[in-house]
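Residue strings, one per chain:
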Amino acid sequence: MSSKTTILIVDDEERIRKLLNLYLVKEGYRTEEASDGTSAIQMMESKNYDLVLLDIMLPGMDGLEVIKEIRKTKDTPIIMISARGEENHRVEGFQSGADDYIVKPFSPREVMLRVSALLKRTKVEEKQVEIIKYSQLEIYPESRLVLVTSQPVTLTPKEFDLILFLSRNPEQIFTREMLLKEVWCYDFFGDLRTVDTHVKRLREKLQKNSVLAAKMIVTVWGKGYKFSPIEGE
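Just so it is clear, the structure is predicted and the values come from calculations on it, not from any experiment. (Residues numbered from 1 in each chain as written. Predicted model: local features only at pLDDT ≥ 70, side-chain atom pairs only at ≥ 80, totals over all residues. Heavy atoms only, no water.)

Trainee: Looking at this structure, how should I read a nonpolar patch on the surface?
Mentor: On the surface, Leu19, Leu22 and Tyr23 cluster together to form a nonpolar patch covering roughly 260 Å² of accessible area. Mapped onto the elements of the fold, Leu19 is located in helix H1 (residues 14-26). Residue Leu19 is classed as partly exposed on the basis of its relative accessible area of 31%. (Patch = residues over 30% accessible without salt bridge, like charges linked within 9 Å, V, L, I, M, F, W, Y side chains within 5 Å. Areas by Shrake-Rupley, 256 points an atom, 1.4 Å probe, with all protein chains shown as cover. Salt bridge = Lys/Arg side-chain N within 4 Å of Asp/Glu carboxyl O. Helix = DSSP H or I, 4+ residues; strand = E, 2+ residues; numbered from the N terminus. Buried < 20%, exposed > 50% of the residue type's maximum accessible area, 1.4 Å probe, protein only.)

Here's what the structure looks like:
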């Protein structure tokens, strides 16, 4: 990964920031640090980061509030880090707009693998010229743009990766496990509802411009999901 890739570390514990900084720099990334949510938002308003590592338990504005504020204007990839690993906390993090969720105490090596996987999925391939077009829905992989009835739809990196993968494989049914492996790019040992949460949010965003586009993401009961332009129409 290019040394120009800059990652913002947001955590009120200095030792955690220094630990993550040590490993990230070793992997060739540039890093910047913030110790609270307010500072993180101010930094993101003045600069575009390639990825954010965000702790939930922050003084003042917590991580969930921070991510909701960020998602109003930016689709920057966000990995949440928290000591709270219960299912409802993980689901809440994904519903707020996180792309991944890591529970403390964590393995620095695992964090680096997840950072690399997420950046890999969000990196635009320079030579890619593919355009996917369906009725009322257009997907531009190179610019990571989704148009519904010719209007742009703001998606998080994982939401875009999900609709891109499904649309490239129309009418093929994928289980939640298969989607976690293909879209999240690593073996996911966690809650399968992660997929359900992202599908729900994706449909809601598409439906604001077109009910037909939202219906293209089909739930196959007892099996998983598929992309069906026929059913959407």
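Trainee: Mind showing me how you'd approach the pairing of strand E11 (residues 224-227) here?
Mentor: Looking along a regular strand, one sees the side chains alternate between the two faces of the sheet. Of the strand pairs in this sheet, strand E10 (residues 217-220) and E11 are connected by four bridges, and their pairing is antiparallel. Bridge assignment links Val220 to a residue of E11, and that residue is Gly224. Between the end of E10 and the start of E11, which pair antiparallel, lie three residues, with Gly222 showing a positive phi angle near 80°. (Pairing = 2+ DSSP bridges.)

Trainee: Would you take a moment to explain the nonpolar core for this structure?
Mentor: The nonpolar side chains of a soluble globular protein tend to be buried, and buried together. Leu137, Ile139, Val146, Ile163, Leu179 and Leu206 are the most contacted members of the largest nonpolar core, which totals 28 residues. If you tally residues by element for this core, the top one is helix H6 (residues 157-167), at six residues. (Core = buried A, V, L, I, M, F, W, Y, C linked by side-chain atoms within 4.5 Å.)

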